[in-house]
Each structure stands twice: as C-alpha cells, then as structure tokens.
Amino acid sequence: MDGKCSNGLQVSGLACSRDDRLLFSGLSFVVAPGEALLLEGSNGSGKTSLLRILCGFRDADAGELFWRGRPLVDSDYLVEMAYVGHAEGIKKELTVLENLRFSRALNQPGKLSIDQALAKVQLAGFDDNAVQTLSAGQKRRLSLARLLITANTLWILDEPFTSLDRQGMALIETLIGEHVAAGGMVVMTSHHDLNLPVARLQRIHLDTCH
C-alpha cells in the first residue's frame, strides 16, 4: 500500500497465526474518518484475533499498523480508540451510574453527558440499578453507552449486536451510523448486516485473506 493515511487507521501486510494455523496474511486496508469496516468470515477465520491485534492485545506475525500516518506505538492511538468485546467490560457489582462515571474518569469526556447517553441507549431511569440486575441486552447497551460519553474517534466492536432484540439492534445500528456520519470510524465484526450508505461501509471477508 503506497503512502500512509494521514487521518485514520492503516493496516499493511498483516498476518496472524494461531496454533500453527495461518488465519490470514497480506491483509491491508484503510479506515478513514466517516467510514466503517465490517469484518466477515466463518468461525475461526480470525475476526476476533484481528480486533485483538488492532487493540494492542496481541502482536501480529507480520505487517504494520499506522494511526494518522504514524506507527501505533508512536501515536495517540490508545487515547482515541475504544473497544467493546464479547465481555461487556462493565463492573457488575457497581450501579449503572457508577460504571459510566468510572469510564468517563478514565477517558477524555465526549459531547454527551451521562444522562444523555443513558437516554440514547434507552436506559434512562436505571442510574441506581446494580449491573447484576440488568438483562443481557441491557448490559450490552450499557457497555455501548460508554462509547457515547467519551471522545474516542475509533470504535472497535466485536459482535455489538449480541444479546439484543430487534429494537436494540436497530438502536445500536443508529448509534454507529451517527458516529460515522459525524466523522468517527468503526471497525467491527458482526453476523448482522450493517445498514450504512455504501460509500461509508467497507467489507473484508477474512476467509479469502490467505
């Protein structure tokens, strides 16, 4: 890939193996502001492994990663990136409000207040509820509310529609669309097709990346 993306995420020649099995190789892509990338593939194709590499949780076997034209290690990438995985990343012994206050204290505050974010994810009035009393879908929406109260430009989402009913899925799809339309970036895996304008959505099928 010639040149570097000066305002987004660039991946060049990435390869990853697990248990001596090649998951993908030669993987290159760019996600610029106002774009989303949907990673597709069969179980075991490396979708979650790729997200873990993008989050810095594991190293790639080959390839380079750049954020705003600079190597990830020499950039503010971790400050601008937010990850929501299969585990919600919330503390079940705390209340809804305490979880969001904790998350906001660890990150640069975003444009929405905690009350506004809770309203957005349809959890208004649940402030004092202990997380352990919430349904699986409510926990998932709370984990995504954390994204709305921080100023993270890049969202990395592993199956964000898990445990959500049809209404919840539509809600999260709307939030993703609003983030991208505002100049944000999203890299995600999902078995649910994402309804975004074609110009804003890329797709990579990892089963073909060998």
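Every value quoted in this text rests on a predicted model; they were computed, and no experiment measured them. (Residues numbered from 1 in each chain as written. Predicted model: local features only at pLDDT ≥ 70, side-chain atom pairs only at ≥ 80, totals over all residues. Heavy atoms only, no water.)

Student: Lay out the nonpolar core in plain terms, naming residues and giving numbers.
Tutor: Grouped together as the largest cluster of nonpolar side chains are 35 residues, with contacts concentrated most on Leu142, Leu157, Ile172, Ile176, Val186, Met188 and Leu194. When residues of this core are traced back to their parent elements, those giving at least two are strand 3 (35-40), strand 6 (81-84), helix 3 (96-106), helix 4 (114-120), helix 5 (136-148), strand 7 (154-158), helix 6 (166-181) and strand 8 (185-189). In this view, isoleucine 176 contacts Trp155, Leu157, Phe161, Val186, Met188 and Leu194; residues no more than four positions away in its chain are not counted. Formed by 28 residues, the second largest nonpolar core is a distinct cluster that contains Val11, Cys16, Val31 and Ile53. (Core = buried A, V, L, I, M, F, W, Y, C linked by side-chain atoms within 4.5 Å. Buried < 20%, exposed > 50% of the residue type's maximum accessible area, 1.4 Å probe, protein only. Helix = DSSP H or I, 4+ residues; strand = E, 2+ residues; numbered from the N terminus. Contact = heavy atoms within 4.5 Å.)

Student: Residue-level account of the pairing of strand 4 (residues 62-67), with values.
Tutor: Regular strands place side chains that alternate from one sheet face to the opposite one. Two elements, strand 1 (residues 9-18) and strand 4, share 5 bridges in a ladder whose sense is antiparallel. By the bridge assignment, valine 11 is partnered in strand 4 with leucine 65. Across 2 bridges, the pairing between strand 4 and strand 5 (residues 70-71) is antiparallel. Looking at the pairing, tryptophan 67 lines up with arginine 70 of strand 5. What sits between the antiparallel neighbours strand 4 and strand 5 is a turn of 2 residues, in which arginine 68 has the positive phi angle 55°. (Pairing = 2+ DSSP bridges.)

Student: I'd like a description of the sheet that holds strand 4, backed by residues and values.
Tutor: An order of 2-1-4-5 is seen for the 4 strands of this open sheet, with the pairing classed as antiparallel. Each edge of the sheet is formed by a strand with only one pairing partner; in this case those strands are strand 2 (21-31) and strand 5. In terms of strand pairing, strand 1 meets strand 2 through 7 bridges, oriented antiparallel. What sits directly across from leucine 14, in strand 2, is leucine 27.

Student: Explain helix 3 to me, using residue names and the numbers behind them.
Tutor: Looking at helix 3, one finds that the buried residues are Val96, Leu97, Asn99, Leu100 and Ser103. For helix 3, the angular spread of buried residues about the axis comes to 160°, placing them on one side. In helix 3, the exposed positions that point more than 90 degrees away from the buried face belong to Arg101, Ala105 and Leu106. (Arc of directions from axis to C-beta.)

Student: Explain the state of the cysteines residue by residue, including any values.
Tutor: Evaluated as defined, the whole model comprises 0 disulfides. Between cysteine 55, a cysteine without a disulfide, and cysteine 16, which holds the nearest cysteine sulfur, the sulfur-to-sulfur distance is 13 Å. Of the residues examined, cysteine 55 reaches a relative accessible area of 4% and is grouped as buried. Unpaired in terms of disulfides, cysteine 209 finds its nearest cysteine sulfur in cysteine 16, a separation of 12 Å. (Disulfide = S-S within 2.5 Å.)

Student: Can you explain helix 1 (residues 47-55)? Please cite residues and give values.
Tutor: Of all the 9 residues making up helix 1, 7 are buried; the element is thus mostly covered by neighbouring parts of the structure. All of the buried residues along helix 1 are Lys47, Ser49, Leu50, Leu51, Ile53, Leu54 and Cys55. Positive backbone phi, at 85°, marks glycine 56, one or two positions downstream of helix 1.

Student: Tell me about the packing of aromatic side chains, and please be specific about residues and values.
Tutor: One pass over the full model with this rule turns up 2 aromatic pairs. Summarising the aromatic geometry, the rings of phenylalanine 57 and tyrosine 83 are spaced 5.4 Å apart at their centres and angled 80° between planes, so their arrangement reads as edge-to-face. Of this pair, phenylalanine 57 sits in the loop between helix 1 and strand 4 while tyrosine 83 sits in strand 6, placing them 26 residues apart in sequence. Overall, tyrosine 83 belongs to the partly exposed group, its relative accessible area being 24%. (Phe/Tyr/Trp six-rings, centres within 6.5 Å; stacked < 30°, edge-to-face > 60°.)

Student: Could you give an account of the pattern of salt bridges, naming the residues involved and the relevant values?
Tutor: A side chain with one charge can pair with a side chain of the opposite charge if their charged atoms come near. One pass over the full model with this rule turns up 3 salt bridges. Ionic pairing is found between lysine 120 and glutamate 178, a salt bridge with its closest N-O pair at 2.8 Å. With lysine 120 in helix 4 and glutamate 178 in helix 6, this residue pair connects regions lying 58 residues apart in the sequence. By relative accessible area, which is 32% here, lysine 120 ends up partly exposed. (Salt bridge = Lys/Arg side-chain N within 4 Å of Asp/Glu carboxyl O.)

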